[in-house]
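# A structural walkthrough
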Amino acid sequence: MQRMQRRASLPLALLMKHLLRLRPAPLLAGGLLGLAAVQVQAQEVSFDIPAQPLWSALQEWGRQSDLQVLVNPDDIQGKTSSQVRGRYSPEQAAQLLLRNTSINFSLMGDTLTLLMNPTSSILDMAPTSISAEPIEPTTEGTGSYTTPAITLGKSTQSLRETPQSVTVMTRQLMDDRNLTRLDQVLAQTPGMTFGQRNYGSHLYQSRGFAVSDESYMMDGIPGQAYNPTAWLPTDMAIYDRVEVLRGAAGLLLGSGSPGGAVNLVRKHATSEPHLSLITRAGSWDSYRVDLDTGGKLNDAGSVRGRLITAYEDQGSYLDEKKSTAPLLYGIVDFDLDDDTTLTASLRYQASKVHGYSIFGLPRYSNGKPLDVPRSTALVQDWNLHQPHITEVFGEIAHRFNDDWNGKLSLIHSEGGFHQSIAYARGIVDPLTGTGAAFRGVEFRHTDIASTGIDSFLDGHFEAFGQSHQVTSGINWSSQDVLEKRAPLALNIPIDLYDVDHQAFAKPERPAWKSINRSVEQRYGAFTKANLHLSEPLSLILGARVSWYSYDFDYRIGGGDFVARQQARVTPFAGLIYDLDEDWSWYASYTDIFLPQSVYRTVSGSILDPAIGKSYETGLKGELLDKRLNVAMALFYIRQEGVYAIDSASDGKCLTNDVAGSCYVNGTVQRSRGIELEASGEVLPGLQVLAGYTFNQTRSSAGGPASAETPKHLLRASTSYTLPGSWNRLILGAGVSAQSGYTTDSYGSTAYGSPGHAVWDARIAWKLDPHWTVSLNADNLFDRTYYTSASGIDRGNLFGDPRSYTLTLRGDF
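Presented here is an overview of the structure given in this document. (Residues numbered from 1 in each chain as written. Predicted model: local features only at pLDDT ≥ 70, side-chain atom pairs only at ≥ 80, totals over all residues. Heavy atoms only, no water.)

## A few points about the overall build of the protein
- Of regular secondary structure, the protein possesses eight helices and 40 strands.
- Here the protein has a C-alpha radius of gyration of 28 Å; the compact-globule value for 812 residues is 28 Å, and the two agree.
- Each principal axis of the C-alpha distribution contributes one length, and for the protein these read about 95 × 60 × 45 Å.
- Classification of the 812 residues of the protein by burial places 54% in the buried group.
- Within the protein, contacts between residues separated by at least 24 positions form 67% of all contacts whose residues are at least 6 apart in sequence.
- Just so you have it, the protein exposes about 33,300 Å², and 55% of that area is on carbon and sulfur atoms. (Helix = DSSP H or I, 4+ residues; strand = E, 2+ residues; numbered from the N terminus. Rg over C-alpha atoms; globule rule 2.2 N^0.38 Å. Buried < 20%, exposed > 50% of the residue type's maximum accessible area, 1.4 Å probe, protein only. Contact = heavy atoms within 4.5 Å. Areas by Shrake-Rupley, 256 points an atom, 1.4 Å probe, with all protein chains shown as cover.)

What follows is the structure, encoded as structure tokens:
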């Protein structure tokens, strides 16, 4: 048989067709053996192959490497490649291209052979066979809107092996949607809703419960966040993905809200050298530039480094608001030996926000929204908010053998913010337009020091003919907050239809009227066992023992107190039954306790924690060769012992508040609903993340447990890479839609936010293998809506009007 030579002029499809016509397998095997002595080309080549159907990706690999491919097209029908971008040898590029396909390959001489059947004569005769890289949770470079695995529960496991609802916001999705801050990421995450809070400390909610500071983890370490979606916003340039769990996370956190948990996973260094430059220009004179570079720092590649820096100069549709924000991040990974890796990183982030508002807009006294432009901001031009944070992180990971591994992590951060804010509030008369006024100036200085230590051991063992997994760990965290406040009372009326942003000069800060320090410490130990009772049935059992202390010290004033929880046990139980190779049924139960240390009873004792119990069952699927994850869940949460005002003892507890309110553990809050989600590639080249939530909440005190939680919520993001010769063109669209809500917390006056749907769009064009230009349009149809409607005298926030962002990205 004559061996086919590589010919640049012969299209890859004709080459494959010709090779497949050669019927005598022995002759083909002999031809391949004849190539075994030819060395694989090791010269690095610039590759730029987006994630796409595997057939067209192999065509691009062949064209860019100037090599040929041997494969049966029918064997790869419906499969999708991973993204390959950067300088690699052809062998390395093939490994990356096939990393999530479970396909092996052999590269001999000038021919890449896909090994679809391990028992075929090709595999038997090939002298060298290279397997694709094992599946890992890293999303950067995959081009995917899903991930094959997560690390939220310490061990690496698939979404299907996790008996709770989890959404992963991947690096590709964040890049496509220009989500540069954590609050922007959560605003596009299925099941998450915005919650307005006073003084600008806004947060997000899941299943009707606030996801508060203790629910955020940095690489699995809890207790490090301080208002990361508002006062100290987290820049996303340094993170690979965001893993969002909905439902109680007591096994991970010990204490917190039953709504969920968020895990931010940072980027690491790689041995392949790379340079990425992203420039953005958008509406309202908004500009941003990102630089990301790294690679191996020694010849062996055992020391790798990465540097990420960004600078943002951002305008706003809001009058007087503008900000600047620098970011610097460096990380180094050291392979101490084949089984041990040491990691060290540093992050510095700061911003300066002019025209900062802490209360938003009021409403008319009849509950209707103000008839004012969306740009209206009740601020003075000297309003200023200046946050900053410096964070160091260290980690050592060790593999003891093929079954057992462990990790020890340490994180410490110091930061804070300074505010000088003129704020306004006041119910507005619908006839005269009067009532709103600048009511005061808030001078505030806050210092935060956070430290966390986390250690765990994870391993597999064989027993009773089945493989089982055990994960055990301990962690400790401390957050020390020193807060100084100097409020200054005012009463300067505002013309809502012509706001004077220079109504009065910035006053001198008076002496601090409130100085307090709080130290919150959490520590605990947990164990989780994943036991295979049979081939399709797994039982997950776990428990955590937690200790909690909160020490509050008034430096000016009185009312110091200390609250502690000792050895509180948090259980976890789950079942997973594999219905077939693609689908599993699951059920789980867990609970979590929420300290209520700031509330006291009439006897002076601190309230017991509220206990949130979370029940969930559903189906999960890994479809289309695991390129698509789907999930359906039914959930029910019952939080018992929530604080309630003790009306019989009103006025007797002056240490609680100025009204002397006393409290009891008297309220029960409930949340139930349905969630549907799909993430990944639904058709060749079409990436999707879409989720629908039906959620009802109730409180025993009357009304909903969370008025801001809509009954219906839909979030969707899509991106489509056109096939064939049009694969340089990428089209994207997204929608965030929710039903309306109303509340009457101000007596009999009802107010709220109507339902709305906000559409986004994106178009991108690959100029060449290195450069891509894209245009994003957010709120494409310029829908006027409220992201929050939480009060009549304040707390109403417009959503952003239509805006555009032009992005130029270069990857080398």
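## Let's talk about the sheet that holds strand E12 (residues 239-246)
- On the basis of which strands lie adjacent, the open sheet formed by five strands has the order E6-E12-E13-E10-E11 and mixed pairing. Looking along the sheet, the strands with just one partner apiece sit at the ends: strand E6 (165-170) and strand E11 (221-222).
- In the sheet, E12 pairs with strand E13 (residues 260-266) via seven bridges, with the strands oriented antiparallel. Looking at E13, one finds that Glu 243 is bridged to Asn 263. (Pairing = 2+ DSSP bridges.)

## Re empty space enclosed by the protein
- One pass over the structure, following the stated rule, counts 11 cavities of 30 Å³ or more.
- Estimates place the volume of the second largest cavity at around 270 Å³.
- Lining the second largest cavity are 24 residues, with Gly 153, Gln 157, Gln 164, Leu 251 and Lys 528 positioned closest to its centre.
- Within the residue set of the lining of the second largest cavity, elements represented by two or more residues are helix H8 (250-253), strand E23 (466-493) and strand E24 (514-532). (1 Å grid on protein atoms, 1.4 Å probe; cavity = no way out; pocket = protein on both sides within 12 Å on 5 of 7 lines; lining within 4 Å. Points joined across faces, edges and corners; volume = space filled by probe spheres on them.)

## Remarks on the sheet that holds strand E7 (residues 192-195)
- With antiparallel pairing, three strands are arranged side by side in an open sheet as E7-E8-E9. Each end of this open sheet is capped by a strand with a single partner; those strands are E7 and strand E9 (209-211). Geometrically, the sheet is characterised by an average inter-axis angle of 45° between neighbouring strands, direction not taken into account. (Axes fitted to C-alpha atoms, helices over the stretch in contact; angles between N-to-C directions.)

## A few points about unusual backbone geometry
- The phi torsion at Trp 284 lies on the positive side, around 60°, for a residue other than glycine.
- Positionally, Trp 284 belongs in the loop between strand E14 (274-282) and strand E15 (286-296).
- Residue Trp 284 is classed as partly exposed on the basis of its relative accessible area of 31%.
- With a phi angle near 65°, Lys 626 is a residue other than glycine that sits in the positive phi range.

## Considering the pairing of strand E22 (residues 437-463)
- Sheet topology note: the strand E21 (residues 404-425)/E22 ladder contains 22 bridges and is antiparallel. Paired with Asn 405 across the bridge in E22 is Asp 458.
- One ladder, built from 26 bridges, connects E22 with E23; its direction is antiparallel. Each bridged residue has a counterpart across the sheet, and for Ser 455 the counterpart in E23 is Ile 474.

## Some remarks on a nonpolar patch on the surface
- A cluster of nonpolar side chains, contributed by Leu 336, Leu 342, Ile 396, Leu 408, Leu 410 and Ile 453, occupies part of the molecular surface with about 480 Å² of accessible area.
- Tracing the backbone through its elements, the reader meets Leu 342 in strand E18 (residues 340-350).
- Under the relative-accessibility criterion, Leu 342 is labelled partly exposed at 32%. (Patch = residues over 30% accessible without salt bridge, like charges linked within 9 Å, V, L, I, M, F, W, Y side chains within 5 Å. Salt bridge = Lys/Arg side-chain N within 4 Å of Asp/Glu carboxyl O.)

## Thoughts on the packing of aromatic side chains
- Under the defined criterion, the tally for this structure stands at 17 aromatic pairs.
- With centroids separated by 5.8 Å and ring planes inclined at 50°, the aromatic side chains of Trp 284 and Tyr 317 adopt a geometry described as tilted. With Trp 284 in the loop between E14 and E15 and Tyr 317 in the loop between strand E16 (303-314) and strand E17 (322-337), the pair connects residues that are 33 residues apart, well separated along the chain.
- By relative accessible area, which is 12% here, Tyr 317 ends up buried.
- A centroid spacing of 5.0 Å and a plane angle of 50° characterise the contact between Tyr 589 and Tyr 615, whose relative ring orientation is tilted. Residue Tyr 589 is located in strand E27 (residues 583-594), and its partner Tyr 615 is located in strand E28 (residues 610-623); the two are separated by 26 residues in the primary sequence.
- Given a relative accessible area of 24%, Tyr 589 falls into the partly exposed group.
- On the accessibility criterion, Tyr 615 (37% relative accessible area) is partly exposed.
- One aromatic cluster in this structure is built from Tyr 226, Trp 231 and Phe 417.
- Geometry around Trp 512 places Arg 509 over its ring, the cationic atom sitting 4.0 Å from the centre. (Phe/Tyr/Trp six-rings, centres within 6.5 Å; stacked < 30°, edge-to-face > 60°. Lys NZ or Arg CZ within 6 Å of the ring centre and 35° of its normal.)

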